[in-house]
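A structural walkthrough
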Amino acid sequence: MNLLKTGALLLSATLLLLYSCSDTDPVHVKGVAKQNGSLKTAPEFTLKDANGSAVKLSDYRGKVVLLNFWATWCGPCKIEIPWFMEFEQQYKNQGFEVLGIAMDDDGWAAVKPYIAEHKMNYRVVLGDDAVANLYGGIDSLPTTFVINREGKVVDTHVGLIGKDDYISEIKSLLNDTNKDAVLSNSGSPAAALLSLGAIR
Amino acid sequence: MNIATPQTLSVKRGQTAQQKLQISLRSGFHVNSDKPRDEFLIPIKLTWTSGPLQTKQISYPKPEDVKVGDDTLSVFTGKFTIDTEFLAPPQAQAGIATMQGKLRYQACDSRSCKRPATVAVQVPVSIQ
């Protein structure tokens, strides 16, 4: 009986928490599609960039990726763009990239002038409903998926979040995967310890 | 966005009548005005596509300024109306008819934006 009461209380508290979230609150989902204890692989797509070149998400395997759904008419997206340009410059050499997916109905006619005006330094591809559906529908912009080097979605942010939050996530993933790289390159835990010793 | 169901608009042949489209937005949201300052932003736009009346003028309310990041946006919030002045041509057929239109808009709050939307608008008209 006590167990039932506890369960009911927990459910009520959860519902109250969900109900109290306003429409304007950004949504953050840690490990968005964690299934059976493991992170979900970011769905593969092929889209074209401004030069007409095909870009596949799998081309980015081995890198930490900020996959950002945005549009030229989106004010909050405009706030993030200079941050993403800074991240691209600062972390590119460590295996990080930003990939923008523009969701403008007017296509490159709207997006190309925007890229030029804002001097965007990261790659942008043109999105469509099919790719949006692969990623859960994309009801609001910006929506950003944080993808690790293994191509798994680690975080999802619907709406604008703080610049520092992104920096923490990027650094954490770059550091994690750098450690992983040492371990996986070494072949065995013993070899990993030896290689860590060698670094010292 | 919610658009109140328009009442029947009565108009005599050869005369004009004002139709007020009543719109309300959820708290915290805004739509771009009919004249956004940034060329990339999508203005709200009411278009009458078919029906027996002629559209003489569409008037939007005075916009508000809202700050998003470094930009000051020209927007509508809360409840507002878009007014249309219709003319019933002298040769219009008397009776009940419908004016069909569409409203295109794009809504945001301070942290995110909804994709642009177009909704159908219908106004019943009684021509005397």
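See above for the structure.
Anyway, here's the lowdown on the structure attached to this text. (Residues numbered from 1 in each chain as written. Chains lettered and ligands numbered in written order. Predicted model: local features only at pLDDT ≥ 70, side-chain atom pairs only at ≥ 80, totals over all residues.)

Residues and elements named next belong to chain B. Spatially, E1-E3-E9-E6 is the arrangement adopted by the 4 strands of the open sheet, whose pairing is antiparallel. For this open sheet the edge positions go to strand E1 (2-3) and strand E6 (54-59), each flanked by a neighbour on one side alone. Of the strand pairs in this sheet, E6 and strand E9 (residues 79-87) are connected by 5 bridges, and their pairing is antiparallel. Across the sheet, Ser59 pairs through a bridge with Asp83, a residue of E9. (Pairing = 2+ DSSP bridges. Helix = DSSP H or I, 4+ residues; strand = E, 2+ residues; numbered from the N terminus.)

To continue, consider unusual backbone geometry. All names here are of chain A. A cis amide bond, omega -5°, links Leu141 with the succeeding residue Pro142. Among the structural elements, Pro142 can be located in the loop between strand E7 (140-141) and strand E8 (143-147). Non-glycine residue Lys119 carries a positive phi angle of around 50°. Tracing the backbone through its elements, the reader meets Lys119 in the loop between helix H3 (108-118) and strand E6 (123-126). Take Lys119: there are 9 C-beta atoms within 10 Å of it, and that puts it in the exposed class. One non-glycine residue, Ile138, lies in the positive phi region at around 45°. Looking at the element boundaries, Ile138 is found in the loop between helix H4 (129-134) and E7. (Buried ≥ 20, exposed ≤ 12 C-beta atoms within 10 Å, placed from the backbone.)

Time to look at the interface of chain B and chain A. Interfaces are often described in size by the accessible area the parts lose on coming together. Contacts between the two partners involve 19 residues from chain B, matched on the other side by 21 residues from chain A. Going through the elements one at a time, strand E8 (71-77) and strand E12 (113-114) of chain B are the ones with two or more residues in the side of chain B that touches chain A. Grouping the constituent residues of the side of chain B that touches chain A by class yields 8 nonpolar, 5 polar and 6 charged. Here E7(A) pairs with E12(B) via 2 bridges, running antiparallel. Its bridge partner lying in E12(B), Leu141(A) is registered against Cys113(B). (Contact = placed C-beta atoms within 7 Å. Nonpolar A, V, L, I, M, F, W, Y, C, P; charged D, E, K, R; others polar.)

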